[in-house]
Amino acid sequence: MANEQPRRPASAYFLWLTASREEIAKGLGTKKASEVSKKAGELWKAMSEGEKQEFEVQARSLKSEYDKRMSLFKAQGGVVTRKRPAEAKEDKPRRPAGGAYGCFLAAEREEIAKSLPEGHKMTDVGKAAGERWRSLTEEEKQPYEEEYQKKLAEYKEAKQSYEETRTIDLVELARPNKKAMAGA
């Protein structure tokens, strides 16, 4: 049986980012992945070729090692696959849709559908729900607005946690695969 497929090494940029992420986050006062990544991109573009040189050399060295490990992997009968972690998309939080109206529709859809004649279409449910929603007073809409705000706050918290986890995952991907390097 062939060894584990070698992981592609990090680029010079990701090697630099791994070394610089904490400093960038500290300077920004946040670890939010989107803000740190945006700032990192700006800093990398502003760096001179001389400043990037150390990371370029390291990236070329890692690429050379990777090429050797990949050749060995293929020679031992390994089959190259390009797989992406499916769980990353499954774990990604979803923004609540539809606002307060969406909460109203979720709560009232079944009752509205029962009130329509047999054989109705889904669009009929939407039309009837829209009419009912427009007929509600602001006071009657308030519980749905509160429910939406609660869901939105939960989403924002989950998204922040997800982004922090993704940041850690990206840093891990940027590190060389020591297990594969030991076997090379």
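Let me sum up the structure you'll find in this document. Note that this is a predicted model, so its numbers are computed, not measured. (Residues numbered from 1 in each chain as written. Predicted model: local features only at pLDDT ≥ 70, side-chain atom pairs only at ≥ 80, totals over all residues. Heavy atoms only, no water.)

### Considering the nonpolar core
For clarity, the threshold we go by: What is meant by a nonpolar core is a set of buried Ala, Val, Leu, Ile, Met, Phe, Trp, Tyr and Cys residues, joined one to another through side-chain atoms within 4.5 Å. Throughout this description, buried means an accessible area under 20% of the type-specific maximum (1.4 Å probe, protein chains only), exposed means over 50%, and partly exposed covers the range between. Counting from the N terminus, the helices are DSSP H or I runs at least four residues long and the strands are E runs at least two residues long. Contact definition: two residues touch when any of their heavy atoms are within 4.5 Å.
Membership of the largest hydrophobic core comes to 15 residues, with the highest contact counts inside it found for Tyr13, Leu15, Trp16, Leu17, Ile24, Ala40 and Trp44. Among the secondary structure elements, those contributing two or more residues to this core are helix H1 (12-28), helix H2 (33-46) and helix H3 (49-75). Residue contributions to this core peak at seven residues, all from H1. Apart from the residues lying within four places of it in its own chain, the contact partners of Leu17 are Ile24 and Ala40. Of all hydrophobic cores here, the second largest spans 13 residues; its members include Ala100, Phe104, Tyr144 and Tyr148.

### Points about the pattern of salt bridges
Think of it this way: side chains of opposite charge can pair up when their charged atoms draw near. The condition is simple: A pairing counts as a salt bridge when a side-chain nitrogen of Lys or Arg comes within 4 Å of a carboxyl oxygen of Asp or Glu.
Applying the stated criterion across every chain yields a total of five salt bridges. We note a salt bridge from Glu111 to Arg132, for which the minimum N-O separation is 3.8 Å. Here Glu111 is found in helix H5 (residues 99-115), whereas its partner Arg132 is found in helix H6 (residues 122-135), with 21 residues between them in sequence. Classification of Arg132 as partly exposed rests on a relative accessible area of 30%. Among the salt bridges present, the one from Lys151 reaches Glu147, with a minimum N-O distance of 3.4 Å. Taken together, the residues span about one helical turn, with Lys151 and Glu147 both in helix H7 (residues 138-174) at a distance of four residues.

### So, the packing of aromatic side chains
As a reminder of what qualifies: Any pair of Phe, Tyr and Trp rings, taking the six-membered ring for Trp, is counted once the centres come within 6.5 Å. Such a pair is stacked with planes under 30 degrees apart, edge-to-face with planes over 60 apart, and tilted for the rest.
Applying the stated criterion across every chain yields a total of nine aromatic pairs. Both rings, one in Tyr101 and one in Trp133, keep their centres 5.8 Å apart while their planes meet at 75°; by these two values the pair is edge-to-face. Pair noted here: Tyr101 is in helix H5 and Trp133 is in helix H6, with a separation of 32 residues, a long-range link. Judged by its relative accessible area of 26%, Tyr101 is partly exposed. For Trp133, a relative accessible area of 14% gives the class buried. Taken together through their ring pairs, the aromatic side chains of Tyr13, Phe14, Trp16 and Trp44 make up a single cluster.

### Observations concerning the environment of Phe73
Here Phe73 shows up in helix H3. When the C-alpha positions of Phe73 and Glu4 are compared, they lie 7.6 Å apart, and in sequence the two are 69 residues distant.

### So, the environment of His120
The criterion, for reference: We define a polar contact as two N or O atoms separated by no more than 3.5 Å, with the added condition that, inside protein, one atom must be a possible hydrogen donor and the other a possible acceptor, whereas residues neighbouring each other in sequence contribute only through side-chain atom pairs.
Secondary-structure assignment places His120 in the loop between H5 and H6. Setting aside its immediate chain neighbours within four residues, His120 contacts Ala113 and Val125. Reaching out from His120, the side chain makes a polar contact with the backbone oxygen of Pro117 at a distance of 3.2 Å.

### As for H3
Short version of the rule: The span one expects for a helix is its residue count, reduced by one, times 1.5 Å.
The end-to-end C-alpha separation of H3 is 37 Å, in line with the 39 Å expected for 27 residues at 1.5 Å each. Listed in full, the buried residues belonging to H3 are Lys52, Phe55, Ala59, Leu62, Tyr66, Arg69, Met70 and Phe73. Following H3 by one or two positions, Gly77 adopts a phi angle in the positive range, close to 95°.

### A word on the packing of H5 against H6
Any two packed helices are characterised by how steeply their axes cross, that is the angle between the axes, and by the distance between the axes. Heads up, the rule is: All axes here are fitted lines through C-alpha atoms, helices being fitted over the stretch that makes contact, and every angle between N-to-C directions spans 0 to 180 degrees. Should an angle lie under 35 degrees it is considered roughly parallel, over 145 roughly antiparallel, and from 65 to 115 roughly perpendicular; all remaining angles are considered oblique. Two helices crossing with the near one rotated counterclockwise from the far one by less than a right angle form a left-handed crossing, whereas a clockwise rotation gives a right-handed crossing. Residues are sorted three ways: Asp, Glu, Lys and Arg are charged, Ala, Val, Leu, Ile, Met, Phe, Trp, Tyr, Cys and Pro are nonpolar, and all the rest, Gly among them, are polar.
As a packed pair, H5 and H6 sit with axes 9 Å apart at the nearest point and diverge in direction by 120°. With respect to each other, H5 and H6 are oriented oblique. Two packed elements cross with a definite hand, and for H5 against H6 that hand is right-handed. Judged by residue contacts, Ala100, Tyr101, Phe104, Leu105, Arg109, Glu111, Ile112, Ala113 and Ser115 of H5 engage Val125, Gly126, Ala128, Ala129, Gly130, Arg132 and Trp133 from H6. Counted by class, the contact of H5 with H6 contains ten nonpolar, three polar and three charged residues.

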